[in-house]
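Results of the structural survey
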There are 2 protein chains.
Amino acid sequence: MIGGGPVAVTLDEVAEAAGVSKSTASRVLSGSSRVSAQTKRAVQSAAERLGYRPNRIASGLRTRRSNLVGLVITNLVNASFHRITEVLQQRLDERGYQVLLCVTDSDPARERRYLDMLLDHRVDGLIIVGTGDNTATVREVSAAGIPVVNLMRTPDGAPGDSVMAADRDGAELAVRHLLDLGHRSVAFIGGPAGVDSGRDRYAGFTAALATAGLEPDPALCARGPFTVPFGAEAAMRLMAADNPPTALYSANHEATFGVLGALVQLGVRVPEQLSLVCHEEAPWFPYWHPPITVVDNGARDLGELAAEQLLRRIDSRPDNGDPGEGGVGRLIRVGSRLVVRDSTTAPRRPE
Amino acid sequence: MIGGGPVAVTLDEVAEAAGVSKSTASRVLSGSSRVSAQTKRAVQSAAERLGYRPNRIASGLRTRRSNLVGLVITNLVNASFHRITEVLQQRLDERGYQVLLCVTDSDPARERRYLDMLLDHRVDGLIIVGTGDNTATVREVSAAGIPVVNLMRTPDGAPGDSVMAADRDGAELAVRHLLDLGHRSVAFIGGPAGVDSGRDRYAGFTAALATAGLEPDPALCARGPFTVPFGAEAAMRLMAADNPPTALYSANHEATFGVLGALVQLGVRVPEQLSLVCHEEAPWFPYWHPPITVVDNGARDLGELAAEQLLRRIDSRPDNGDPGEGGVGRLIRVGSRLVVRDSTTAPRRPE
DNA sequence: GTGCTCCGTGGGATCGATTGCACAGCACGG
DNA sequence: CCGTGCTGTGCAATCGATCCCACGGAGCAC
């Protein structure tokens, strides 16, 4: 047809076709109030016949609910984050909420712009893996009555609830495993102190050492960004020392790639010369040569619980007068678990 | 404060504070029509003072533009897809469009529900990595005047434009590389014939063989799902044969994990006993032992071009009378490139 | 028969922005 | 001095759904 533009069917037209008023049609289709069975049928068949699709924009304007949730995340490449994103999206969708995806690439300026934008879109909730540089803006979002869930990271002064990995416990688990195998010279490659996971994993590392009566050796600790090159460089330096470690705890999977590359380059055999634990699961670790022992931080559960917590807050919002104060920011910790594979073994020459 | 609910500032209030009418305030803030410099300043300062944030829902109702784009994708775990998603999101955001993320997990029922939902949200565009089971619904979307871009896959009868990887060429490139090294017994592990990339990569495989005067040996061809277990099982079977291949083309990175696991388990050394090419880059392939030769299908460009093409269609929509017919579905192919690393070498005993 | 409740339905205001139309004021040319 | 055109502004309709309020009629008790 010529000029047959994209004409959307409105509620009015459905109502007219069914011979009832707009109000009644609305009641039938949103199923709120009681309607006679006959009217119901008439409206439903009219809607179907005309191919009616409700306009969520109009509906959102009136009800002040967008059915949108903002997900502000630093990246998707990291193994945990894309898994978390998938789970989150699915759980939220099951309850009628859609995800507005915002990847910040850890850039505070982008993060800030996204937060403003999400405010403009009147999202019903916000899940954020934050850089920590925009807590003021996040507070604005929260103050606007929008529930906020901090995921993986809870910057100082951040409003809302938090769903966090048990980073400290996980690291302790991993390092104690190495100590139990008999290692005494355990190296640490981990993230910056400015990030929650960096700080907490280091704390777990030292805590485990302490239970064995050891103190961290500064020469065996490398702290820097969670990147492949950093891991490679750190591993190079550690293994080139006069007295190289017999075991290595690597706090992140990206860095671990760098480590593995460096080890191949140096000809260091795992686990014969070096036992290796990575604090983060990745789909290929079970297939590595050798399969890598890891700490699984429960990415699936993190996504699941973050979605659940947000939905809880959204649900309880219309009821009570003051929105967020009811729980004063709940903190949920997701347990970590050690998965022992073949990259860890007893040291060859116990000291 | 008690009872200080989340009161949003409206345009009316800004207008009143600035001493002008709603229309004028709107004109200033959306910068459409000419306004005197003085009024402009007054409105802008009032807006800033009150912390005004435009309500995109209301705006969307009036303008019939949601500034939302639906991204329907089978999963995020696959290396290419999360990279593509990141790039897409960034490019669309730069032009003022936000991404509504929908992960189908290749489930046609979920896909269908998402398409309906996106229609209800009145998205301004749709980018879809489709299952191929809902072309009718996608046509509805397109018929509603919403530009559609098919990504990676273009099911038969799909409306809209397509941005595709050069799967056939890429596979041919990879296999020719193996043939050039002297291999004559080249195995194929690839996807189902029902998926574009499965079909095209197989076509490239046979085409390359043909240039060397060879025909595909059914005993050396495994076709099945793009999964780790399938790759493992296929590799097991292929290498257990009386006359195992000297080279292997693996059409997908997930299957390649399985292959690598199986090879480790069987004690097959790469590349000494088997040369291996994977048709898909993954961040860890350069760090594998040995680093894996791959065909990079240009994920970054795929995202980039899909966003660009969609934006082009969105921009050209209000101008011309009939929405999509102007280009009758443009097909954009993104070039592939071979990255030679250490997993491929000449066969030990050329036949 | 009167008064009451309850049910199903319709009328119409409303959410917050955009935009066509009209009009006031001013400048300028004839 | 008047007509014409341009600029800046305001009025009010509009987008499409939701939902408060009111109303007619049925059923029932006294």
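First, a word on scope: everything that follows refers to the structure included in this document. Computed from a predicted model, the values in this text were never measured in an experiment.

1. Describing the interface of chain A and chain B
Counting residues at the interface gives 48 residues for chain A, matched by 48 residues for chain B. Between chain A and chain B, the buried area comes to about 5000 Å², and carbon and sulfur atoms account for 64% of it. Considering only the surface of chain A that becomes buried against chain B, Arg53(A), Ile57(A) and Tyr287(A) emerge as the three largest contributors, covering 14% of it. Among the ionic pairs, Asp120(B) bridges to Arg53(A), the shortest N-O distance being 2.9 Å. Taken together, the connections running from chain A to chain B amount to 25 residue pairs in polar contact (both at pLDDT 80 or more). Elements supplying a minimum of two residues to the side of chain A that touches chain B: α4 (56–63), α5 (79–94), β2 (98–103), α6 (108–120) and α11 (253–266) of chain A. Split by residue class, the side of chain A that touches chain B holds 25 nonpolar, 13 polar and 10 charged.

2. Details of the pattern of salt bridges
Residue and element names in this part refer to chain A. This model, assessed by the stated rule, comprises 30 salt bridges over all chains. Between Glu 94 and Arg 91 there is a salt bridge, and its shortest N-O distance comes to 3.1 Å. Of the two residues, Glu 94 and Arg 91 both sit in helix α5, 3 residues apart, roughly one turn of that helix. The exposure class assigned to Arg 91 is partly exposed, which follows from its relative accessible area of 25%. The shortest N-O distance in the salt bridge between Arg 201 and Asp 167 comes to 2.8 Å. Placement of the pair is Arg 201 in helix α9 (residues 196–211) and Asp 167 in helix α8 (residues 167–180), with a sequence separation of 34 residues. Of the two residues, Arg 201 and Asp 167, neither departs from the other in class, the shared state being buried. Salt bridges sharing common partners tie together Arg 91, Glu 94 and Glu 304.

The rules behind the values
Residues numbered from 1 in each chain as written. Chains lettered and ligands numbered in written order. Predicted model: local features only at pLDDT ≥ 70, side-chain atom pairs only at ≥ 80, totals over all residues. Heavy atoms only, no water. Contact = heavy atoms within 4.5 Å. Buried area = accessible area lost by both parts, 1.4 Å probe. Salt bridge = Lys/Arg side-chain N within 4 Å of Asp/Glu carboxyl O. Polar contact = N/O pair within 3.5 Å; in protein donor to acceptor, adjacent residues only side chain to side chain. Helix = DSSP H or I, 4+ residues; strand = E, 2+ residues; numbered from the N terminus. Nonpolar A, V, L, I, M, F, W, Y, C, P; charged D, E, K, R; others polar. Buried < 20%, exposed > 50% of the residue type's maximum accessible area, 1.4 Å probe, protein only.

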